[in-house]
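Structural features, examined
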Amino acid sequence: MTLKGLYNVYLVLASFSSVHAATVNTPKVIERDVIIIGGGAAGSHTAFRLQQDYNKSIVLIKKGSILGGHGDTYLDTSTTPSTPREYGVQVYFPYLDGLDFISRFNLTLLPGLDPRGSTTTRNIDFSTGLELPSNYTSPDPSRITSAIIRFHNLMVSQGWDKMIEPGFWNLPPGPQIPADLLLPIGEFAKKWNVTEALPRIPAWMKVLYGEVGMYHIQGGNQLLYEAIYARLGAAENVLLNSLVSSVRRPENADDKRDIEVTIKTTTLSSTTRNTTTTIIRARNLLLANPPTRENLAPFDLDSLESHLFSRAEYGRYGTAIVSSPVLPRGYELHNTPILAAIDPNKPFINEPHVLEFASYGNDSDLFSIGTSGSGLAYGEFDERAATKVAQKSLERMVDAGTVKVPDGKEGGGDKKLKVVEYLDHGPGGFGVSAEEMKAGWMEKVYGLQGKRGTWYTGNAIAIDFSTQL
């Protein structure tokens, strides 16, 4: 069980304890050089570099119970020995000094994906529960690879790759951004004959066509973040289970006041639930989680900040480890809309959906799933909503006879999906419209760097892959 899982167990125990109590303590005041909000890949890396390489005192504020963001690992104790199961970040690849950073913690990087048992793919339309016709042919892998290479060569030849990797600060001023980069992705792909690459365009191209390798951390991603947590000074400098309640910053360059961030931290035991308030003062603040309306609610935004960040559009996605008696071991049930039988490259699902139920192999009842809140606002697609979508997908497959209820288990409970672990990946597709980009949104956002002592990193200004972040 992960640390996050243990935290959730304590939360349940505390909630139902007959000796439950809540206390609020006198605020503690601490001072640091830099306050970092967000403890995913970007925030954890930044905190470590600032402290270890630049001799800055830091405090990192993390809403969750562990560092790592998308990089959680579940320890499957049903196997002997126990097996780490990745259900967020899968691989890292050579990009600048990304792998060197991991090596600083004496962790072993092994080639390829984290191993799981062999699986057979079945293509099923989750909206109906029906398997695609037997004459359905998946896109030819060689044609996909050729399209990825064409896409890569196009980006390099036009110089567009340098504008977007690893982040967007090299984009030219809004009116000078190449028009093709502002096209809807389907139109771009059709214009440049790379439609067959669409399912893979978001990933790093050189990995997909084999120019560079990919690697996973032996023992699981969480080993990296546990090591970062320990090296940062653990609880002294990393405030887990903490929510920002207010942020006060200098009004301008003439305002010499420190930044002041107030947080509330929840700690749990078997009998009590305590909330403590901490006031943190520093000269610099780094926002390492996306500047969504939800994350910025406690901030004292000025008119320019309010205007820029209110323009952002984003959805929500997540991953989970699940199990159910009706899910067949050794299979990957891939959500493939029936339209794929006509044109395998056409379907984009524009409603909340599950991407797949992917078995970890014949030795495990566990499956990984990816969920997308496509078409819904960020706040509408939380863990509960994602679980409901996954449950309905499973029920449709059972009702259609695509997956079978085990013999002797005909009750309605056999369709029940058990969510073992859920990982909220937060905002997906964070960005603005083409019109906003042409009006200079990105350069204006990047122009905020350092203003009011505030800095930005993470997927608001960079590609959303852990290696780059």
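Small disclaimer: the values here were computed from a predicted structure and weren't measured.

Right, let's talk about the overall build of the chain for a bit. On a plain count of helices and strands, the chain comes out with 12 helices and 21 strands. A total of 469 residues make up the chain; the buried ones form 47% of that total. Here the contacts in the chain between residues at least 6 apart in sequence split such that 73% fall between residues at least 24 apart.

Summed over the entire model, instances satisfying the criterion amount to one cavity of 30 Å³ or more. Its boundaries defined by the atoms lining it, the largest cavity holds a volume of some 30 Å³. In this structure, the largest cavity is lined by Glu86, Gln90, Asp114, Pro115, Arg116 and Tyr360. For the lining of the largest cavity, the residue count by class is two nonpolar, one polar and three charged.

With that settled, consider the nonpolar core. Residues Ile35, Val261, Ile280, Leu285, Met437 and Trp441 are the most contacted members of the largest nonpolar core, which totals 43 residues. Beyond its immediate stretch of four places on either side in the chain, Leu285 contacts Ile35, Ile37, Val247, Arg249, Ile259, Val261, Phe299, Gly453, Thr454 and Trp455. Judged by nonpolar contacts, the second largest core, of 25 residues, contains Ala41, Ala47, Leu60 and Val89.

Further remarks concern the confidence of the model for the chain. Across the chain, the average pLDDT comes to 87, with 89% of residues at 70 or higher. Within the model, the stretch residues 6-23 combines pLDDT values under 50 with 26 contacts to residues more than four positions away or in other chains.

What follows deals with the packing of helix 2 (residues 41-54) against helix 8 (residues 222-232). Interhelical geometry of helix 2 versus helix 8 gives an angle of 35° and a closest axis separation of 10 Å. In terms of crossing hand, the pair formed by helix 2 and helix 8 is left-handed. Along the contact surface, helix 2 presents Ala41, Ser44, Ala47, Phe48, Gln51 and Gln52, while helix 8 presents Tyr225, Ile228, Arg231 and Leu232. Split into classes, the residues belonging to the contact of helix 2 with helix 8 amount to six nonpolar, three polar and one charged.

The subject of this paragraph is the sheet that holds strand 17 (residues 331-335). Working definition: the strands of a sheet are paired by backbone hydrogen bonds and lie parallel or antiparallel to each other. One open sheet holds the seven strands; their spatial order is 9-8-17-18-19-16-20, and the pairing between them is mixed. Taken across any chain shown, the strands that pair with only one partner, and hence form the sheet edges, are strand 9 (130-131) and strand 20 (418-431). Pairing of strand 18 (residues 353-359) with strand 19 (residues 367-372) involves six bridges; the strand directions are antiparallel. Bridging from a neighbouring strand, Glu356 pairs with Gly370 of strand 19.

Next up on the list: helix 2. Between its terminal C-alpha atoms helix 2 stretches 19 Å, which fits the 20 Å expected from 14 residues at 1.5 Å a residue. For helix 2, every residue scored as buried is listed here: Ala41, Ala42, Gly43, Ser44, Thr46, Ala47, Phe48 and Gln51. Turning to helix 2, the residues buried within the fold contact strand 3 (34-37), strand 4 (58-61), helix 3 (98-103), helix 8 and strand 15 (284-287). After helix 2 finishes, the residue Asn55 shows a positive phi value of roughly 55°.

Where burial is concerned, most of strand 16 (residues 313-323) is hidden: nine out of the 11 residues are buried. Pairing analysis gives nine bridges linking strand 16 to strand 20, with the strands arranged antiparallel. Bridged to Thr319 within strand 20 is Leu423. Of the pairings in the sheet, the one linking strand 16 to strand 19 comprises six bridges and is antiparallel in character. By the bridge assignment for strand 19, Val322 is matched with Phe367.

Reading the values: rules and limits
Residues numbered from 1 in each chain as written. Predicted model: local features only at pLDDT ≥ 70, side-chain atom pairs only at ≥ 80, totals over all residues. Heavy atoms only, no water. Helix = DSSP H or I, 4+ residues; strand = E, 2+ residues; numbered from the N terminus. Buried < 20%, exposed > 50% of the residue type's maximum accessible area, 1.4 Å probe, protein only. Contact = heavy atoms within 4.5 Å. 1 Å grid on protein atoms, 1.4 Å probe; cavity = no way out; pocket = protein on both sides within 12 Å on 5 of 7 lines; lining within 4 Å. Points joined across faces, edges and corners; volume = space filled by probe spheres on them. Nonpolar A, V, L, I, M, F, W, Y, C, P; charged D, E, K, R; others polar. Core = buried A, V, L, I, M, F, W, Y, C linked by side-chain atoms within 4.5 Å. pLDDT = per-residue confidence, 0-100. Axes fitted to C-alpha atoms, helices over the stretch in contact; angles between N-to-C directions. Left-handed = near helix turned anticlockwise from the far one by under 90°. Pairing = 2+ DSSP bridges. Expected span 1.5 Å × (residues − 1).

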